[in-house]
Amino acid sequence: MSQSPARRTVLRGAALAGVAGFGVAACSPGAEESAVPDKPVELGAAAEVPVGGAKLYREDRLVVSQPAKGEYKCFGAKCTHRGCVLAEVQKNEGSCPCHGSRFDVTTGQVIQGPATEPLPEVPVKTKNGKLIAG
């Protein structure tokens, strides 16, 4: 017994709606862990962050810049629009893969929306040549 084209269309639409709903949940605030760590996180060697540049620690949802030698700034790397984790950092700009927001990773400020709130600042320090955030 074969399904009619209309029934297949309805079933396909229902399946796609389920997938779309999952995508919305994955980009919703609170869908994953907090935007900032609740305990100290060791990120690795401080030397990995270039002077005048930044490094994205995607797994830890953090981004660290070094505006001047030995001076580090850290921000949560979850977009303040819908909570997606930034995908990359180029020329001190972090980009959100979900809706195109862009942030200055040296200040946390929004460069391009739809996000309107800056990235949250996270305390960061060096200890024995390693970066510790949180």
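Attention here is on the structure that accompanies the text. (Residues numbered from 1 in each chain as written. Predicted model: local features only at pLDDT ≥ 70, side-chain atom pairs only at ≥ 80, totals over all residues. Heavy atoms only, no water.)

## Observations concerning the sheet that holds strand β8 (residues 110-112)
Right, on to step 1. With antiparallel pairing, the four strands of this open sheet are ordered in space as β5-β6-β7-β8. Whereas interior strands pair on both sides, the edge strands pair on one side only; in this sheet they are β5 (88-90) and β8. Going from strand to strand, the sheet's axes swing by 30° on average, the running direction of each strand aside. (Pairing = 2+ DSSP bridges. Helix = DSSP H or I, 4+ residues; strand = E, 2+ residues; numbered from the N terminus. Axes fitted to C-alpha atoms, helices over the stretch in contact; angles between N-to-C directions.)

## Overview of the state of the cysteines
Right, on to step 1. One pass over the structure, following the stated rule, counts one disulfide.
Right, on to step 2. Across a sulfur-sulfur distance of 2.1 Å, C84 and C98 are joined as a disulfide pair. Disulfide C84-C98: torsion about the S-S bond near -100°, hence left-handed. Here C84, found in the loop between β4 (71-76) and β5, pairs with C98, found in the loop between β6 (93-95) and β7 (102-104); they are 14 residues apart in sequence, far enough to count as distant.
Right, on to step 3. Residue classification places C84 among the buried residues on the basis of a relative accessible area of 5%.
Right, on to step 4. Since its relative accessible area comes to 32%, C98 is described here as partly exposed.
Right, on to step 5. Of all cysteine sulfurs in the structure, the one in C96 sits closest to C79, which takes part in no disulfide; the separation is 3.9 Å. (Disulfide = S-S within 2.5 Å. Buried < 20%, exposed > 50% of the residue type's maximum accessible area, 1.4 Å probe, protein only.)

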